[in-house]
Amino acid sequence: MTSPDNLPEVPDAKVPDEAQAPEPVEAPVVRRGMFGVHDSGDTSGFGGLVVRRQPRLSTPRPYGGYFDEIVDALGMDDAIERVVVDRGELTLHVKRERLVEVCQKLRDDPELRFELSLGVSGVHYPHLEGEELHSLIHLCSMTHNRRVRVETSCPDADPHIPSTVGVYPTHDWHEREAYDFFGIVYDGHPALTRIMMPDDWDGHPQRKDYPLGGIPVEYRGATIPSPDHRRSYS
Amino acid sequence: MSTAYDEATEGKVYSVTGGDWDDVVTGVREGDDERLVVNMGPQHPSTHGVLRLVLTLDGETVTEARSVIGYLHTGIEKNMEYRTWTQGTTFVTRMDYLSPIFNETAYCLSVEKLLGIEDRVPDRAQAIRVMMMELNRISSHLVAMGTFGMELGATTPFLFGYRDREMVMDLFEYITGLRMNHAYVRPGGVSVDLPAGAVDKVGELLKEMPKRIKDIRKLLDENPVYLRRTQDVAYLDLTGCMALGITGPILRASGLPWDLRKTQPYCGYENYEFDVAVQKGCDVYSRYLVRMQEMEESLKIIEQALDRIAGPLKGDPVMIEDKKIGWPAQLALGPDGLGNSPDHIAHIMGSSMEALIHHFKLVTEGFRVPAGQAYAPIESPKGELGALVVSDGGTRPYRVHFREPSFNNLQAIPAMSEGGQVADVIAAVASIDPVMGGVDR
């Protein structure tokens, strides 16, 4: 049970039309062992555990399926940092200064026609230096029955991403939500205010560095540590 | 804040703190500003929970409508980052509490996509999911229609809706052990198989429900008061729906037959025969008709799913074979309504130390999900419900985000109600059918 590859079994047959699995470029070691025990007195049984971080994926052509057609029809390779095909989903990592342009073309080009947006959401990766905050847009083309994910990133020190409300008006509330929870400032949004938390709230709660509260217990001033400081298996 | 500041931003402000009411009225009458700002909610019976609407009125006409949300934000997405993948279902089921099975299914489909086990989820589990989802669609629409009637001044549809919903609730309780917040759908399948007699009970519902739906239709379909309150009210055409990202019954009431069950099938929906309900009116009445027809179509799907469950898929497993993911025990629903398995307990406590360790590890530590991100959309009663799940390869989600249809569709309130009568705001909100638990999460 201490094996690091304690992962669920993998199906034998590969999906034929799926693109070749991207080669792991680098897999930096995040942590060895568990529960912070390192010396020879490790009795946790996890001493041999090596936890690696997910490598940065970048899929080479051909992407498979309709994904090649989308990238060809978009034809803005200079605006796209990398293309990732994973689990049958296409992700375009777009430079933030070109985001609005890319969205506009994705919506209006007759070969693309991503007329429905399913909104914006954020993810915080504190370990990715220079691109800590990610903003994800899920688009759906009803005309061609296709889906694509547009991902943009910005550094924590300069959390600005251009707003796409002008292209997809539905992003109004979604961008407010991402701002509220991650502190991503969407430049050009008509009224970027908090939407879930109270207006005078400090901090952005879904960031990984947001302090969580512990629970005081009535026993000699003890405290149950906050969830991010409890010991865990992951 | 000073009165001067208020007046600069808000116009003439009247602070009424005691005094003679006649003086206040005379004061207001002298002003030339006819604008009146009214806060509707957050505690108001027709706001479907804690929704606050800030309405600017000119007489009876709404000139500006702004919705304020967040009163029911419970941090479900953040909480899930500190629980195992399986425990996540317990959280998501509480989001949109009127359609819990859909929340669970969207989440589980996304986790299964990350695990790469979509093809190995047993067919029986998928058929049960479909049956439960369609039952849930009926119960959700019944609440929508029932509260709808009440908000427009008719109490009978409310009583009918809730009475009929009770049939579905009883069934859910019988199958999952709980009326709401089931956590029934799990990554890899469903938590328990149908208990003995469940197929017959669903059969009874299939016999009774068409009559009940017909009763509601008799009450409302051609009711002149209802028609005048709903026809050409809260108009939102296809262009508006596309711009605002509206999906579900509102979109289908504007003439586009977009239903993910048909266009991008999941859980084996491609094997079921049913029609997509479409109307062209773009108004509240069309949305009502779409929901009514959807309930009738759901009954068709339930019947087909039931045939499969009782026929070719009888006796099949309802959880993935993989012991690293599937819960170690096939729990049976005990008479106390809790899941239990005497055989399994005897096995792990009496004969196999390894089985005990495995049980303990799987339940406390959980399974690992390979790193990556996946988005799984499904057609919930309110529209497209999508679960974006990000994993860093650990035993807990790195980030979970739900694309909640209610959250998105509420953005249409200004488009639907500005320029209309104040009474039509109620109809507009009701036709969106928002559930604030889902909106705020």
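For clarity, every value in this text was computed on a predicted model and none was experimentally measured.

Participant: What exactly am I supposed to notice about the overall build of chain A here?
Facilitator: In terms of helices and strands, chain A carries three helices and eleven strands. Element order for chain A, N to C, with α for helix and β for strand: β-β-α-β-β-α-β-β-β-β-α-β-β-β. Relative to its full complement of 234 residues, chain A shows a buried share of 31%. The contacts in chain A between residues at least 6 apart in sequence include a share of 52% that link residues at least 24 apart.

Participant: So what exactly am I meant to see when it comes to the sheet that holds strand 5 (residues 116-124) of chain A here?
Facilitator: By way of backbone hydrogen bonds, the strands of a sheet pair with one another, either parallel or antiparallel. Residues and elements named next belong to chain A. Spatially, five strands are ordered 3-4-7-6-5 in an open sheet, and the strand pairing comes out mixed. The open sheet has two edge strands with one neighbour each: strand 3 (80-86) and strand 5. On average, each strand axis in the sheet is tilted by 20° relative to the strand beside it, whichever way the strands run. Across the face of the sheet, helix 2 (residues 99-108) comes into contact with strand 4 (89-94), strand 6 (133-141) and strand 7 (146-154) while running at roughly 175° to strand 7. Strands in contact with helix 3 (residues 171-182) are strand 5 and strand 6; relative to strand 5, the strand with the most contacts, it is inclined by about 5°.

Participant: Looking at this structure, how should I read the environment of B:Thr230?
Facilitator: All names here are of chain B. In this fold, threonine 230 is placed in helix 9 (residues 224-230). Classification of threonine 230 as buried rests on a count of 25 C-beta atoms within 10 Å. Taking the C-alpha atoms as reference points, threonine 230 and alanine 428, separated by 198 residues in sequence, lie 8.8 Å from one another.

Participant: Any chance you could explain the sheet that holds strand 1 (residues 35-40) of chain B here in plain terms?
Facilitator: Residue and element names in this part refer to chain B. One open sheet accounts for three strands, arranged 1-2-3; its pairing is antiparallel. Looking at strand neighbours, the two that pair on one side only are strand 1 and strand 3 (61-68), the edges of this open sheet. On average, each strand axis in the sheet is tilted by 20° relative to the strand beside it, whichever way the strands run. Bridge count between strand 1 and strand 2 (residues 52-58): six bridges; the pairing is antiparallel. Along strand 2, the bridge assignment pairs asparagine 39 with valine 54. Against the sheet, helix 18 (residues 422-432) engages strand 2 and strand 3, with an angle of about 150° to strand 2.

Participant: What is the right way to look at the nonpolar core in this model?
Facilitator: Nonpolar side chains tend toward joint burial in soluble globular proteins. Residues and elements named next belong to chain B. Formed by 159 residues in total, the largest nonpolar core has its most connected members in Ile128, Val130, Met131 and Ala428. Among the elements that make up this core, the one with the highest residue count is helix 6 (residues 123-151) (14 residues). Ignoring any residue separated from it by four or fewer positions in sequence, one finds isoleucine 128 in contact with Val190, Leu194, Ile309 and Val318.

Participant: Would you mind going over helix 7 (residues 156-176) of chain B with me for this structure?
Facilitator: Working note: α-helix, 3.6 residues per turn, so residues spaced by three or four point in the same direction. The first and last C-alpha atoms of helix 7 of chain B sit 30 Å apart over 21 residues, in line with the 30 Å expected at 1.5 Å per residue. Turning to helix 7 of chain B, its buried residues are B:Pro157, B:Phe160, B:Gly161, B:Asp164, B:Arg165, B:Val168, B:Leu171, B:Phe172, B:Ile175 and B:Thr176.

Participant: It is not clear to me how the interface of chain B and chain A should be interpreted in this structure. Could you clarify?
Facilitator: Many authors give the size of an interface as the accessible area that is lost as the parts come together. In this complex, chain B contributes 49 residues to the contact, which on the side of chain A involves 36 residues. Going through the elements one at a time, helix 3 (76-80), helix 5 (100-115), helix 10 (238-243), helix 15 (353-365), strand 8 (372-380), strand 9 (383-391), strand 10 (399-403) and helix 16 (405-409) of chain B are the ones with two or more residues in the side of chain B that touches chain A. Sort the elements by how many residues they give to the side of chain B that touches chain A and strand 9 of chain B lands first, with four residues.

Participant: Help me understand the domain arrangement of chain B, please; the structure alone is not making it clear to me.
Facilitator: Residues and elements named next belong to chain B. As far as domains go, chain B holds domain 1 (3-68) and domain 2 (76-325 + 367-440). Put simply, the middle of domain 1 and the middle of domain 2, counted by C-alpha atoms, are 37 Å apart. Elements with a minimum of two residues in the side of domain 1 that touches domain 2: strand 2 and strand 3. The element best represented in the side of domain 1 that touches domain 2 is strand 3, accounting for seven residues. When the residues that make up the side of domain 1 that touches domain 2 are grouped by side-chain class, the tally is seven nonpolar, seven polar and three charged.

Participant: So what exactly am I meant to see when it comes to unusual backbone geometry here?
Facilitator: Working note: non-glycine residues mostly have negative phi, and peptide bonds are mostly trans. A cis amide bond links A:Arg61 to the next residue, A:Pro62, at an omega of -5°. Of note, A:Pro62 is situated in the loop between strand 2 (50-52) and helix 1 (67-74). A positive phi angle is found at A:Arg113, which is not glycine, with a value near 50°. Given 17 C-beta atoms within 10 Å, A:Arg113 falls into the partly exposed group. Positive phi, normally seen in glycine, also occurs at B:Arg441, with a value near 50°. Secondary-structure assignment places B:Arg441 in the segment after helix 19 (436-440). Residue class for B:Arg441 comes out buried when judged on the 27 C-beta atoms lying within 10 Å of it.

The rules behind each value
- The residue numbering used here restarts from 1 in each chain and proceeds along that chain's sequence as written.
- Written order determines the labels here, with chains lettered from A and ligands numbered from 1.
- Thresholds applied to this predicted model are a pLDDT of at least 70 for local features of residues and 80 or more for the giving and counting of side-chain atom pairs; totals over whole chains, interfaces and linings are not thresholded and use all residues.
- Helix and strand assignments follow DSSP, with helices taken as H or I runs no shorter than four residues and strands as E runs no shorter than two, numbered in order from the N terminus.
- Buried means a residue has 20 or more other C-beta atoms within 10 Å of its own C-beta, exposed means 12 or fewer, and partly exposed covers the counts in between; C-beta atoms are placed from the backbone.
- The contact rule is simple: place each C-beta atom from the backbone, and if two of them lie within 7 Å, those residues are in contact.
- Strands were regarded as paired on the criterion that DSSP finds at least two bridges between them.
- Inter-axis angles, ranging from 0 to 180 degrees, are taken between N-to-C directions of lines fitted to C-alpha atoms, where helices are fitted over the stretch in contact.
- Note on terminology: a nonpolar core is any set of buried Ala, Val, Leu, Ile, Met, Phe, Trp, Tyr and Cys residues joined through C-beta atoms within 7 Å.
- Helix span, as expected, comes to 1.5 Å for every residue beyond the first.
- Throughout the structure description, domain borders are defined by an automatic or database domain assignment.
- Side-chain classes are defined by residue name, with Ala, Val, Leu, Ile, Met, Phe, Trp, Tyr, Cys and Pro counting as nonpolar, Asp, Glu, Lys and Arg as charged, and the others, Gly among them, as polar.

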